[in-house]
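Structural overview
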Amino acid sequence: MSYRKAFIVSNALVLAAFVWAFAKDFYAPWRPYQAKYYQMAADELDKQAAAEKDEKKSADLKVAAKKMRRSPMEIKQIISVDLGRFDRCVTCHVGMDEYTNTTLKNNFTEHPYKAHPKVDTALIKAHPFNKFGCTSCHSGQGLATTVEAAHGWVKHWEKPMLKGVTIQGSCVKCHDNFETLKGAEVAAQGKKLFNKHGCQGCHAINGKGGVVSVELGDIADKPFERIAGYNFKKVRIDGKELPNEHHDSHWNLQNWIRAHIVNDPAVVTPNDPFAHYNSEPIPPSGMPDFTKEIGKDEAEAIVAYLSGLTKEEIIPYRYHVTAPPAKEPQLSGAANGKRVYEKYGCQGCHGLEAKQGRRRFNAAGDGQKEYDEKMPEAEQLEQMNLGAEPTLPKLVGTYTKDELIHKIEAGVPAADAKKWSPKGPMPMVYMPAWKGKISKQELEDLATWLISIGVKDDSGF
Amino acid sequence: MNRKLTLIAAVALLGAVFAAPLRAAEMTEKEKALTNPYPNDFGPETLPDAVLKSYPANVQAGYKKLISTKGGCAQCHSAARPLNSRFVEPEGGIDDKKQEAALAALKKAQPELFADATVWQIETKIWSRYVKRMMNKPGCGIQKADGKAIYEFLAYDSIKRKTGANAAAWAAHRKGLVEQLKAKNPKRYDELKEAKDL
């Protein structure tokens, strides 16, 4: 090919690339939304102009409508320097762009045209869009300009848009006072439920709580690769599989947390208790089954609370709202002991009000058959699931107060457990040593309460 | 020759690697106890026949229940743990006042028994509480009558073997067990010493 021909071909290629780039931009998915918004907003202004009796005002409205129709098609964005946010959400959600819709209000009812539903509330007044952007509360991918990418429903985007009440997790990020904050009631309820059911007995948050399982102070930062092996297909909510409306959109942290609460964790994460695939048996998830205690709405509240526990997001100190720790009720004796039991999450293993020890896989438990290695695996699994933590009222009467305090202080190592199946996995959950964590007075009161709930001894010796 | 030795070493190594988890999964109660031991666990798991024969029939029945791996104490832990325990329950049966009187009498007659709690821990109803505690653990399954028999053995045996004329022999035995723990597992020894649980 001569240089001349090569020159002509390369020019044609450059021209084609230019046309392609122009066409790609011209047909960008955000354009129709923006164009429709301008049209709808202009029509609305025209209607108002027609209804206006004052001629000057009517003329002004007509001018505004004309101007609206001629608004340039453009990428719009909110830059929140302090929070490191560059949110282009208003490119489609034009009703929330303060330059196009100066009042930030409109009568449209559908997304992406409608105004922010809470624009008149103290919540939005305290969080102006131009300072906070969108994603600091809603999450999602601020820089993206397609529906799926912007809402975070794409591969490798780890902070998809928060749905429903889980958005209240965002309040938890900055507001240490979220438990008394208007608008964060669901997250506050989530924290109450987390503590009520004793989750803190195993999971510490920012160093406060048990050491049996993982610390949750940064649970919202858990990378997706850490939940890559989680079998979301086994998860059921109201008996149905998780909806997967977008590209693997069910694979997200909120669903992962939710699944642990509304499903029996041992069913979703059965692992390998018979060592079929590993050199040693691996027990299922050690987390108790809370499905009979925690309903779907309550689970949502816990998800909302945990969704706000982040260390990864760098939030300037002036955005933090500090609050003193909540005052503890001034109780004494057995009444305080019950409070101590709940405060440290003992109910996470020993049950609400200590009424029933929870599952401890492959430990000894009441009602188990004698181990027989010829028993079918399904039956063995059933028997291993009957393994249980002690039911305290039956046990506490066999201790003196000092013995009980000593027991709580020393804890019970996992190795002390009797396995139901000698070939099965070691029961995972253990009682940590509480010495130094529970104050002397609290221990004293806890022992007083525990002894008070002990069942009457009728053993005859 | 070298090739043969290499092959044997490789087979032995592989055997050790694959057998280790198997061993961990199928440890006896004695082996398991020794991973996190108390001094008691280093002692014998049975009583000498001569001692046992000197006990009344009902007490012997309690002993048999205790050492049984089917429905007895040894189903969950080594029988060495109760048999070599420092616990002593004063005579008096289930009568609190009688036990308290027996305790006072023992303090007067043999004050040395109260000098070293690692050898003798003498308390009223101590075995009664422990047996009931074990019975109330999930899945224990020991029935009241058997529990009572086990308790009667432990209470009787604790007085017979650990006090009176047998006190010196018991002290030597118990101190030997504590020394064994100290030598074999000094970390655990320190842990139990700090927790006053030796």
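Residues numbered from 1 in each chain as written. Chains lettered and ligands numbered in written order. Predicted model: local features only at pLDDT ≥ 70, side-chain atom pairs only at ≥ 80, totals over all residues.

**A closer look at the overall build of chain A**
Across its full length, chain A carries 18 helices and four strands. Compactness check: chain A gives a C-alpha radius of gyration of 30 Å against a globular reference of 23 Å for 461 residues, more than 25% above the reference. Along the first, second and third principal axes, the C-alpha atoms of chain A reach 100 × 70 × 35 Å. Out of the 461 residues in chain A, the part that is buried amounts to 38%. (Helix = DSSP H or I, 4+ residues; strand = E, 2+ residues; numbered from the N terminus. Rg over C-alpha atoms; globule rule 2.2 N^0.38 Å. Buried ≥ 20, exposed ≤ 12 C-beta atoms within 10 Å, placed from the backbone.)

**So, the overall build of chain B**
Summing up its helical and strand segments, chain B has 10 helices and two strands in all. Going from the N terminus to the C terminus, chain B shows its helices and strands as α-α-α-α-α-β-α-β-α-α-α-α. Going through the 198 residues of chain B one by one, you find that 35% of them count as buried. Across chain B, contacts joining residues at least 24 apart in sequence account for 68% of those joining residues at least 6 apart. (Contact = placed C-beta atoms within 7 Å.)

**Quick word on the interface of chain A and chain B**
Bring the parts together and some accessible area is lost; that lost area is often taken as the interface size. The interface of chain A with chain B comprises 27 residues on the first partner and 23 residues on the second. For the side of chain A that touches chain B, a count of residues per class yields 13 nonpolar, seven polar and seven charged. (Nonpolar A, V, L, I, M, F, W, Y, C, P; charged D, E, K, R; others polar.)

**Some details on the packing of helix α10 (residues 253-262) of chain A against helix α12 (residues 296-307) of chain A**
All names here are of chain A. It is the contact of α10 with α12, at a shortest axis distance of 9 Å, that shows an interaxial angle of 140 degrees. Considering their axes alone, α10 and α12 lie oblique with respect to each other. Viewed along their axes, α10 and α12 form a crossing whose handedness is right-handed. Across from Q254, I257, R258, I261 and V262 in α10, the residues of α12 making contact are K296, A299, I302, V303, L306 and S307. (Axes fitted to C-alpha atoms, helices over the stretch in contact; angles between N-to-C directions. Parallel < 35°, antiparallel > 145°, perpendicular 65-115°, else oblique. Left-handed = near helix turned anticlockwise from the far one by under 90°.)

**Observations regarding the domain arrangement of chain A**
You can read the domains of chain A as domain 1 (75-161), domain 2 (164-319) and domain 3 (333-452). Inter-centroid distance (C-alpha atoms) of domain 1 of chain A to domain 3 of chain A is 49 Å. (Domains from an automatic or database assignment.)

**Topic: helix α18 (residues 440-452) of chain A**
Residue and element names in this part refer to chain A. Between its first and last C-alpha, α18 extends 18 Å over 13 residues, near the 18 Å set by a 1.5 Å rise per residue. Among all positions in α18, only E442, L443, D445, L446, A447 and L450 are buried. Buried residues in α18 make contact with α13 (333-343), α16 (392-396) and α17 (401-410). (Expected span 1.5 Å × (residues − 1).)

**Observations concerning the environment of A109 of chain B**
Among the secondary structure elements, A109 of chain B is positioned in helix α6 (residues 96-109). Measuring from C-alpha to C-alpha, the distance between A109 of chain B and Y55 of chain B comes to 23 Å, with 54 residues separating the pair along the chain.

**Focus: the nonpolar core**
The biggest cluster of nonpolar side chains holds 52 residues, and the ones touching the most others in it are A187, I302, Y305, L306, L404 and L446 of chain A. Sorting the residues of this core by element identifies α8 (169-174), α9 (185-196), α10, α12, α13, α16, α17 and α18 of chain A as the ones contributing at least two each. Per-element accounting of this core gives the leading share, seven residues, to α12 of chain A. When residues of this core are assigned to domains, at least three fall in each of domain 2 (164-319) and domain 3 (333-452) of chain A. Counting residues in each nonpolar core, the second largest holds 30 residues, with A364 and L386 of chain A together with W127 and I150 of chain B among its members. (Core = buried A, V, L, I, M, F, W, Y, C linked by C-beta atoms within 7 Å.)

**Description of unusual backbone geometry**
The step from H111 of chain A to P112 of chain A runs through a cis peptide bond, and the omega angle for that step is 5 degrees. Assignment of secondary structure puts P112 of chain A in the loop between β2 (85-87) and α4 (122-126). Even without a glycine there, the phi angle at D238 of chain A is positive, about 55 degrees. Tracing the backbone through its elements, the reader meets D238 of chain A in the loop between β3 (236-237) and β4 (240-241). The phi torsion at K196 of chain B lies on the positive side, around 50 degrees, for a residue other than glycine. K196 of chain B sits in the exposed class, given 10 other C-beta atoms within 10 Å.

**Topic: the confidence of the model for chain B**
All names here are of chain B. Residues of chain B with pLDDT of at least 70 account for 84%, and the chain-wide mean is 88. Per-residue pLDDT stays below 50 along residues 17-25; that stretch engages in seven contacts with residues further than four places along the chain or on separate chains. Of the two predicted TM-score estimates for the complex, the pTM is 0.86 and the ipTM is 0.78. (pLDDT = per-residue confidence, 0-100.)

**Topic: the environment of E241 of chain A**
Residue and element names in this part refer to chain A. With respect to the secondary-structure elements, E241 resides in strand β4. A tally of 12 C-beta atoms within 10 Å means that E241 is categorised as exposed. What E241 contacts, discounting residues up to four positions off in sequence, is K233 and R236.

**Quick notes on the packing of α9 of chain A against α12 of chain A**
All names here are of chain A. Between α9 and α12, whose axes approach to 7 Å, the crossing angle comes to 100 degrees. By the angle between their directions, the pair α9 and α12 is classed as roughly perpendicular. Residues V186, A187, Q189, G190, K191, L193 and F194 of α9 lie in contact with α12, whose contacting residues are E298, A301, I302, A304 and Y305. Partitioning the contact of α9 with α12 into residue classes produces eight nonpolar, two polar and two charged.

**Let's talk about the environment of A74 of chain B**
Residues and elements named next belong to chain B. Tracing the sequence through the fold places A74 in the loop between α4 (57-67) and α5 (80-83). For A74, a count of 20 C-beta atoms within 10 Å corresponds to the buried category. Separated by 29 residues in the primary sequence, A74 and E45 have C-alpha atoms spaced 9.4 Å apart.

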